[in-house]
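# Overview (structure and organization)
The lines below spell out each chain.
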Amino acid sequence: MPTRLSATRLAARLAAKELGVREVAQAHLDRIATLDATLGAFLTVDPDETMRWADAAQAKIDAGEAGPLTGVPIAIKDNLCTAGVRTTCASRILESHVPIYDATVVRRLREAGCVMVGKTNLDEFAMGTSTENSAFQVTRNPWDFDRSPGGSSGGSAAAVAAEMAPLALGSDTGGSIRQPASLCGIVGFKPTYGRCSRYGLVAFGSSLDQIGPFARTVEDAALLAEAITGHDRRDSTSANHPAIATQALKSGTLRGARLGVLKETLGESTDPRVTQGVERALDALRAEGADVHEVSIPSIGYGVTTYYIIAPAEASSNLARFDGVRYGLRVEGKGHIGMMEATRAAGFGHEVKARIMIGTYALSAGYYDAFYLRAQQVRALMRRDLEAAFQDFDLLVSPTSPVPAFKIGELTSDPLALKMLDYCTIPANMGGFPALSLNCGFADGLPIGLHLMGPVLGDERLLQLAYCVERALPDATGRPPLP
Amino acid sequence: MPEYVASVGMEVHAELMTRSKMFCRCPVAFGGEPNTRVCPVCLGMPGTLPVPNRRAIEMVLRTALALDCTIAMRSVFHRKNYFYPDLPKGYQVSQYGETNPLGYAGKLEIPASGGGYKRVGIRRVHLEEDTGKLMHLPAGGSGVDFNRAGVPLMEIVTDFPPDITTPDEAKEYLAQLRQILVYLEVCDGKMEEGSMRCEPNISIRPEGSETYGTKTELKNLNSFRSVQLGVQFEVRRQTAVLDHGQRVVQETRGWDENREASFPMRVKEAENDYRYFPDPDLVPMVFDEAYLESLRATLPELPLAKSRRYQEVMGLSAYDAGLLVADRDWAAYFESAVELGGDAKTVCNWMNGDYARYLNESGNTVGSGNVQPKQLVELTKLIEDGTISGKIAKDVFAEMFRTGHDPRTIVQSKGATQISDAGAIGEIVARVVGANPDVVAKYKSGQTSVAGFLIGRVMAESKGRANPQLVRDLVAKALDE
């Protein structure tokens, strides 16, 4: 069954012409047709469009120009612009918006010969940690349909975990790739800020946003990272650095690797089953020769608070363009400003409005210094502390999420608890550090994610060690209970 | 009634003459079909990002240097957040803060009314992007043209408290600033096309008072004249308001060109909260001394410095010098003529006289004109060495302007050279004297002024070619015989 194969295996068999690209694409479309009515991972599936991508990929293979991912299906989070294909951000305000251009990462996927199978669900404008804030549908966790896949890239995570695509793209502002990867038992990787162009990613928190891969293996994630990263002149914040290299991916070792376990992430607010899972994994890594030590960085305790000032502040400005004038929803009102008010009132969901309000407040005259400026100062402090820690450690290790997948609706009445779920993942966004989540065990049948964070531009080394960790934890992977 | 003093602050927006817009590759041009110079970036489509135009940054830095500003060695772009249909992103990329703008704490000198110069302090020179244009459609409703959206815009603001105190100074400031921008080739200075826009704010206070009055801001001024008239009108209006015991309302007023009067546009309520913050999509601009030095090296001699040099070194009047430096090409023409050996004063007279008049009449500019500096100098030499008379030279110049031919060629083909042969002129003099016995009689009776009539007759008979000095001498000699 081609849907069970990793991207690497699929690409090899496609290149060898043991499989055809259309055949592989169709198998994934069929699986989506079977499962997605239940899972709700996809917002848009257009088989004709998919087959156009498939034919382009097949032509590459036939011309002998196949690359490492040519012909491999991929799901794309619906906040990444795809020319000619609806890009909604799971918001009413963009319900019928069809971009006229491809995001840089999407263009690179086309060049690599990937095959888009659909656009995936998310929390509206990527604001959330459960994918429950989508204006259109709820996405369910393939491991337990009553539970959330996490968020905001819950659709992409569920799609990959449920084998509806071997690869997916997500975006990560405070953990939106890594947390759903953790809750769905797969690999999610956020590269160093700037390594992946943000051009075409509908902005949420511009100084924090980063696009990254979902996959079922570290190797697949690394190959996808290689395909989408590298300098882009359309993004001024893009690092002047080549794409993430994968040739040395398998030549690393845990022997002597210095792993710092973040003390603050294994306290009493972390589910004991998660703590146990992580500690078991650490034992396995020690057995492989890793040098594991506890490290305390108290300033990461301010991460969530700081994040919930900076991200909404940037969002309040980034989302100002949705005014009904040029694209998207328009609701008539009295005069121009009345039209804008009516459009935004009808177009944005509750969580988005709340964050716009918070961000607007944080940037207001008289509050700017106390909130936004102070938050940036704390952020700089946190980044400095983490950078200092990377003098002593190759990686900083923690759980990805303090809890395994929670029930849908379970935390909607407790927004603070929901926001604390980002506790372990936010520091990487604050400092621009690369970070990855991979499965390290199970708690009552639910996946537990291990979070690895590396120094800025240390993406290659991080992936190399993650590959070793994956090998050291052979029992950590599994298939969700699906047909 | 107390006497009032006016204070005028000047806020000028200049569209930069870059080929492409501030943050995308769309071309910059005037007019055209609406929304034909737009792309996803300047339309603020979801997901798009800005990439700054290096040339625009360089132009603002050069302007800031020319205005003696301090340069911010590290400068960031901010977002100015507000909602309006012509603002694609819901924020304008601009620059905020006292010491963050590319240039701050500069000055511009303007000729003072009583002679000498006056220093006008510049508070900031910063870079931002222009908005689109909201238009009312003939069929009803409104539309937005985004061709202008994202065009690089430089904002130049004068100091507070303002140095400018009269309508004339306001106009002079603007004229000097425009000249500098045109000299630097950063803005075409076309106020009528809106590529240079001026919004003065005006307040008055009783003479001797330390506190500044409530100010009003004027919009829609699209010429130097309207700036001068507008400021003048506001000063008079505010004076009348105060004299009637009323208070000036803080507001933005429009200028009605036809009525030559201002009218209220909107009252300024509480200060708008633009929620400025550093744009996270753009990295800070960082400059070093070497780079600034390389820019400084590209600065041309500025008009005021030129004018001073023309007066002090070349002995021209302030008026003449002012005319010459008003246009960069015009001044360059003058300098090249002087360099070719022309006498400064003579060249200047020709330029500001006949040449300027012909250019004006024909609607040509000096760049498109037919007369080369070398040719003008040649003409002045022909007068100087007596080959032609000054009067003939005027006709020759007219011909040069029309045909582009060299003066020597024209003079030869017309046989227009000056007659300096005493014998030939003597014959004409004898003829004229013989034909006018009554005039001669008047002269003999002591009415010596009638000699002028005879001189005029001789010149006419020679078709103006006779050497005037020689004619005068010979007529006097004939009469005194």
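### Re the overall build of chain A
When helices and strands are tallied, chain A shows 15 helices and 11 strands. Taken against the 2.2 N^0.38 rule, which gives 23 Å for 483 residues, the C-alpha radius of gyration of chain A at 21 Å falls within 12% of a compact globule. Counting the 483 residues in chain A, one finds 64% classified as buried. Of all intrachain contacts in chain A linking residues separated by at least 6 positions in sequence, the fraction that spans at least 24 positions is 76%. Here chain A has roughly 16,200 Å² of accessible surface; of this, 52% comes from carbon and sulfur atoms. Here chain A contributes 47 positive and 53 negative side-chain charges, whose respective centroids are spaced 3 Å apart.

### Considerations on empty space enclosed by the protein
What the rule picks out here adds up to four cavities of 30 Å³ or more. Approximately 170 Å³ is the volume found for the largest cavity. Lining of the largest cavity is provided by 22 residues; of these, B:F23, B:V41, B:C42, B:K89 and B:E129 occupy positions nearest its centre. Broken down by element, the residue count for the lining of the largest cavity peaks at three residues, all from strand 5 (residues 91–94) of chain B. Classifying every residue of the lining of the largest cavity gives 11 nonpolar, four polar and seven charged. What the second largest cavity holds in volume is close to 70 Å³. Every residue along the wall of the second largest cavity is listed here: A:L201, A:V202, A:A203, A:N318, A:R321, A:F322, B:P46, B:G47, B:T48, B:L49, B:Y91 and B:D281.

### Details of the interface of chain A and chain B
Between chain A and chain B, the residue contacts involve 40 residues of the former and 36 residues of the latter. Across the chain A to chain B interface the summed buried area is about 2,900 Å²; carbon plus sulfur atoms make up 60%. Between chain A and chain B we count one salt bridge in total. Between A:R198 and B:D281 there is a salt bridge, with its nearest N and O atoms 3.1 Å apart. Put simply, chain A and chain B have 19 residue pairs in polar contact (both at pLDDT 80 or more) between them. When contributions to the side of chain A that touches chain B are tallied by element, the ones reaching two or more residues are helix 9 (303–318), helix 10 (335–347) and helix 11 (350–363) of chain A. In terms of residue count, the dominant contributor to the side of chain A that touches chain B is helix 9 of chain A (five residues). For the side of chain A that touches chain B, the residue count by class is 19 nonpolar, 12 polar and nine charged.

### Some remarks on the pattern of salt bridges
Residue and element names in this part refer to chain B. One pass over the full model with this rule turns up 56 salt bridges over all chains. With its nearest N and O atoms 3.1 Å apart, the salt bridge here joins R79 to D279. Linking R79 in strand 4 (residues 78–81) with D279 in the loop between strand 15 (277–278) and strand 16 (285–286), this pair joins segments that are 200 residues apart in sequence. On the basis of relative accessible area, R79 is assigned to the buried category, the value being 0%.

### Things to note about the sheet that holds strand 15 of chain B
By definition, the strands of a sheet pair up through backbone hydrogen bonds, in either a parallel or an antiparallel sense. In space, the three strands of this open sheet follow the order 5-4-15 (chain B), with antiparallel pairing throughout. Lying at the two open borders of the sheet, with one neighbouring strand each, are strand 5 and strand 15 of chain B. Relative to strand 15 of chain B, strand 4 of chain B is paired through two bridges, and the arrangement is antiparallel. Note on strand 15 of chain B: the bridge partner recorded for B:R79 is B:F277. Across the sheet, helix 9 of chain A touches strand 4, strand 5 and strand 15 of chain B, and the angle it forms with strand 4 of chain B is around 60°.

### A short note on the side chain of B:N352
Along the chain, B:N352 falls in helix 8 (residues 344–362). A polar contact is formed between the side chain of B:N352 and the side chain of B:W330, at a distance of 3.5 Å.

### Notes on the pairing of strand 11 (residues 196–206) of chain B
Residues and elements named next belong to chain B. The element strand 11 is largely enclosed, with a buried count of nine among its 11 residues. The sheet contact formed by strand 1 (residues 4–15) and strand 11 spans 11 bridges and is antiparallel. From the neighbouring strand, A6 faces strand 11, where its bridge partner is I204. As paired strands, strand 11 and strand 12 (residues 216–219) are joined by two bridges and run antiparallel to one another. Opposite N201, over in strand 12, you have E217 as the bridge partner.

### Here's the deal with the packing of helix 10 (residues 390–403) of chain B against helix 11 (residues 407–414) of chain B
All names here are of chain B. Where helix 10 meets helix 11, the axes come as close as 10 Å, and the angle between the chain directions of the two elements is 115°. Crossing angle aside, the handedness with which helix 10 passes helix 11 is right-handed. Residue-level inspection shows V396, E399, M400 and T403 of helix 10 in contact with helix 11, the latter providing P407, I410, V411 and K414. Broken down by class, the residue content of the contact of helix 10 with helix 11 amounts to five nonpolar, one polar and two charged.

### Structural notes on the packing of helix 9 of chain A against helix 12 (residues 369–392) of chain A
How two helices pack is summed up by the angle between their axes together with the distance between the axes. All names here are of chain A. Here helix 9 crosses helix 12 at 125°, and the two axes come no closer than 9 Å. Taken together, the axes of helix 9 and helix 12 are oblique relative to one another. Taken as a pair, helix 9 and helix 12 cross one another with a handedness that is left-handed. Here helix 9 contributes G303, T306, I309, I310, A313 and E314 to the contact with helix 12, which in turn contributes F371, Y372, A375, Q376, V378, R379 and M382. Residue classes in the contact of helix 9 with helix 12 are distributed as eight nonpolar, three polar and two charged.

### A closer look at the domain arrangement of chain B
Residue and element names in this part refer to chain B. We note that the domain assignment places domain 1 (4–291), domain 2 (303–414) and domain 3 (422–480) within chain B. Between the C-alpha centres of domain 1 and domain 2 there is a distance of 37 Å. On the domain 2 side, the residues contacting the nine residues of domain 1 number 10 residues. Summed over both sides, the interface between domain 1 and domain 2 buries roughly 860 Å², with carbon and sulfur atoms accounting for 54% of that surface. Along the contact surface separating domain 1 from domain 2 lie two salt bridges. Between R328 and E185 there is a salt bridge, and its shortest N-O distance comes to 3.6 Å. If you list the elements that add at least two residues to the side of domain 1 that touches domain 2, you get strand 6 (103–111) and helix 2 (167–183). No other element matches the four residues that helix 2 contributes to the side of domain 1 that touches domain 2.

About the thresholds
Residues numbered from 1 in each chain as written. Chains lettered and ligands numbered in written order. Predicted model: local features only at pLDDT ≥ 70, side-chain atom pairs only at ≥ 80, totals over all residues. Heavy atoms only, no water. Helix = DSSP H or I, 4+ residues; strand = E, 2+ residues; numbered from the N terminus. Rg over C-alpha atoms; globule rule 2.2 N^0.38 Å. Buried < 20%, exposed > 50% of the residue type's maximum accessible area, 1.4 Å probe, protein only. Contact = heavy atoms within 4.5 Å. Areas by Shrake-Rupley, 256 points an atom, 1.4 Å probe, with all protein chains shown as cover. Lys, Arg positive; Asp, Glu negative; His and termini not counted. Charge placed at Lys NZ, Arg CZ, Asp CG, Glu CD. 1 Å grid on protein atoms, 1.4 Å probe; cavity = no way out; pocket = protein on both sides within 12 Å on 5 of 7 lines; lining within 4 Å. Points joined across faces, edges and corners; volume = space filled by probe spheres on them. Nonpolar A, V, L, I, M, F, W, Y, C, P; charged D, E, K, R; others polar. Buried area = accessible area lost by both parts, 1.4 Å probe. Salt bridge = Lys/Arg side-chain N within 4 Å of Asp/Glu carboxyl O. Polar contact = N/O pair within 3.5 Å; in protein donor to acceptor, adjacent residues only side chain to side chain. Pairing = 2+ DSSP bridges. Axes fitted to C-alpha atoms, helices over the stretch in contact; angles between N-to-C directions. Left-handed = near helix turned anticlockwise from the far one by under 90°. Parallel < 35°, antiparallel > 145°, perpendicular 65-115°, else oblique. Domains from an automatic or database assignment.

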